[in-house]
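One-letter residues, chain by chain:
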Amino acid sequence: MTGWSWKLGRIAGIDVNMHGTFLILLAWIGISHYLERHRWVDAAAGMMFVLALFSIVVLHELGHALTARHYGIRTRDITLLPIGGVARLDRMPDDPRQELIVAFAGPAVNVTLAAILFALAPSVSSVATLGSIEHIGGGFLGKLAWVNVSLALFNLLPAFPMDGGRALRAILAMRMNYVRATELAARIGHGFALMFGLLGLFTNPFLIFIALFVWVGATAEAGTVQLKSALSRIPVSRVMITRFQTLAPDDTLQRASGHILEGFQHDFPVVEAGRVVGVLTRDDLMKALVAKGTAALVEDVMLSRFETAEPTEMLQGVVERLQGSTCPSVPVLQNSRLVGVLTLDNIGEFVAIQSAVRANGNGVVHAAR
């Protein structure tokens, strides 16, 4: 279990998780179906339908994930939420054409499933109509077929964070700067959000929830791309921490604890004979203090697999590696010599400080030397 999510299994090497709030949706569906005709079989059928629906959502997200894998992009996991699924890709493809294919892969899965389910439906009556999805009873395969049609159409809306928004951004990026394309696609997404919100006021209130979802998603996507663009022009040397403590493999956890109490540093490069051989993180230190005590050695607790960076590298690439790593710190090496440490925390602080400085109209702030 991670936070509010539980691991359901692993498909094609990708962890599939279920958020705890999904259980609330299951309970709500079961109760609402039971109250309709006071039949437990209706409640069970409703919950089974939701489980089938989210199996379709998993297949949709796998469409994105496996297509991204074809382009060398790893998917960290897929999480089921009451509003759908989220596949966490390490990054989107740099080539707009590849991003377009990855974006369309999910809806393509739904179109394929809809065609198969329509073909399998035993009669025309079981296929029903799009409006029959919300009714109690009815043809199970027909409802699932229309669900796939609905998911494909909804996800193809040209608004972030739906697939259609990413497809629109990819098409625009073939003709203009990527950041500009994202900003334009986000504005279109905001327009859809306002439209959904207005319709929700006079028709279905659920549209107001969708409006908020689209507005927040479009804003977040634009902000993320702007940040990546800014980081792509900043070298690691401007941000890295250069006043830091190191540990040796044969140091005790008591010594490591003392370093944490003495200053702001949480993670420590482990150096032996002038070479970085590991990283001791604060979380691993705390767990080891409970399990092994203060006399345990650093070499028994440290991470031996970690990312490194060079001072001349741009921040964007390092951030992407950090986000995909189990180690929250990156030792910065110059000619194999440790010259700094970089963490997501100090990158975030740097960005916040630079934003404040720009707002005030002053110059650029560098990390302390």
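Presented here is an overview of the structure given in this document. Keep in mind that what you see is a predicted model, and the values were worked out from it rather than measured.

Some thoughts on a negative patch on the surface
Here is step 1: Among the surface-exposed residues, Asp250, Glu272, Glu299 and Asp300 lie close enough to one another that they form a single negatively charged patch.
Here is step 2: Inspection of the secondary structure puts glutamate 299 in the loop between helix H10 (282–291) and helix H11 (315–323).
Here is step 3: Glutamate 299 gets classed as partly exposed once you look at its relative accessible area, which sits at 42%.

Thoughts on helix H8 (residues 206–231)
Here is step 1: Under the 1.5 Å per step criterion, the end-to-end length of H8 is 38 Å for 26 residues, consistent within 8% with the ideal 38 Å.
Here is step 2: All buried positions along H8 are accounted for by Leu207, Ile210, Ala211, Val214, Gly217, Ala218, Glu221, Ala222, Val225, Ser229 and Leu231.

Re the side chain of histidine 190
Here is step 1: Tracing the backbone shows histidine 190 in helix H7 (residues 178–202).
Here is step 2: Of the residues examined, histidine 190 reaches a relative accessible area of 19% and is grouped as buried.
Here is step 3: With residues up to four places along the chain from it excluded, the contact list for histidine 190 reads Trp215, Ala218 and Thr219.

A closer look at the pattern of salt bridges
Here is step 1: Tallied over the entire structure, the rule returns twelve salt bridges.
Here is step 2: Across the pair aspartate 15 and lysine 7 runs a salt bridge whose closest N-O atoms are separated by 3.2 Å.
Here is step 3: On the basis of relative accessibility, which here comes to 18%, the residue aspartate 15 falls in the buried class.
Here is step 4: Residue arginine 255 is joined to aspartate 251 by a salt bridge in which the shortest nitrogen-to-oxygen separation is 3.5 Å.
Here is step 5: Among the charged side chains, a salt-bridge network with shared partners connects Glu99, Arg166, Arg169 and Glu221.

Some remarks on a nonpolar patch on the surface
Here is step 1: Judged by side-chain polarity, Leu198, Leu201, Phe202, Ile208 and Leu212 come together as a nonpolar surface patch covering roughly 560 Å² of accessible area.
Here is step 2: Looking at the nonpolar patch, the elements that each hand over two or more residues are H7 and H8.
Here is step 3: In terms of residue count, H7 provides more of the nonpolar patch than any other element does, three residues in total.
Here is step 4: Turning to its location among the elements, leucine 198 is positioned in helix H7.

Topic: unusual backbone geometry
Here is step 1: Even without glycine at this site, alanine 12 takes up a positive phi of about 55 degrees.
Here is step 2: Within the secondary structure layout, alanine 12 lies in the loop between strand S1 (5–11) and strand S2 (14–19).
Here is step 3: We note that asparagine 335 has phi near 55 degrees; this positive angle belongs to a residue other than glycine.
Here is step 4: On the secondary structure map, asparagine 335 appears in the loop between strand S7 (329–334) and strand S8 (337–343).

Regarding helix H9 (residues 253–262)
Here is step 1: Buried residues of H9: Leu253, Ala256, Ser257, His259 and Ile260, and no others. An end-on view of H9 places all buried positions within 155 degrees of arc, on one side of the element. Of the exposed residues in H9, the ones pointing more than 90 degrees away from its buried face are Leu261 and Glu262.
Here is step 2: Buried residues along H9 sit against strand S5 (268–272), strand S6 (275–280) and H10.

Describing the packing of helix H6 (residues 163–173) against H7
Here is step 1: Two numbers describe how H6 lies on H7: the axes approach to 8 Å, and their chain directions differ by 140 degrees. Between H6 and H7, the crossing angle belongs to the class labelled oblique. Regarding H6 and H7, the two cross each other, and that crossing is right-handed. Residues Gly165, Leu168, Arg169, Leu172 and Ala173 of H6 lie in contact with H7, whose contacting residues are Tyr178, Ala181, Thr182, Leu184, Ala185 and Ile188.

Looking at the packing of aromatic side chains
Here is step 1: Under the counting rule described, the total for this entry stands at two aromatic pairs.
Here is step 2: Ring centres 6.3 Å apart and planes at 45 degrees place the aromatic pair phenylalanine 192 and phenylalanine 196 in the tilted group. Remark: phenylalanine 196 and phenylalanine 192 occur in helix H7; sequence separation between them is four residues, near one turn of the helix.
Here is step 3: Residue phenylalanine 196 is classed as buried on the basis of its relative accessible area of 9%.

About the thresholds
Residues numbered from 1 in each chain as written. Predicted model: local features only at pLDDT ≥ 70, side-chain atom pairs only at ≥ 80, totals over all residues. Heavy atoms only, no water. Patch = residues over 30% accessible without salt bridge, like charges linked within 9 Å, V, L, I, M, F, W, Y side chains within 5 Å. Areas by Shrake-Rupley, 256 points an atom, 1.4 Å probe, with all protein chains shown as cover. Salt bridge = Lys/Arg side-chain N within 4 Å of Asp/Glu carboxyl O. Lys, Arg positive; Asp, Glu negative; His and termini not counted. Charge placed at Lys NZ, Arg CZ, Asp CG, Glu CD. Helix = DSSP H or I, 4+ residues; strand = E, 2+ residues; numbered from the N terminus. Buried < 20%, exposed > 50% of the residue type's maximum accessible area, 1.4 Å probe, protein only. Expected span 1.5 Å × (residues − 1). Contact = heavy atoms within 4.5 Å. Arc of directions from axis to C-beta. Axes fitted to C-alpha atoms, helices over the stretch in contact; angles between N-to-C directions. Parallel < 35°, antiparallel > 145°, perpendicular 65-115°, else oblique. Left-handed = near helix turned anticlockwise from the far one by under 90°. Phe/Tyr/Trp six-rings, centres within 6.5 Å; stacked < 30°, edge-to-face > 60°.

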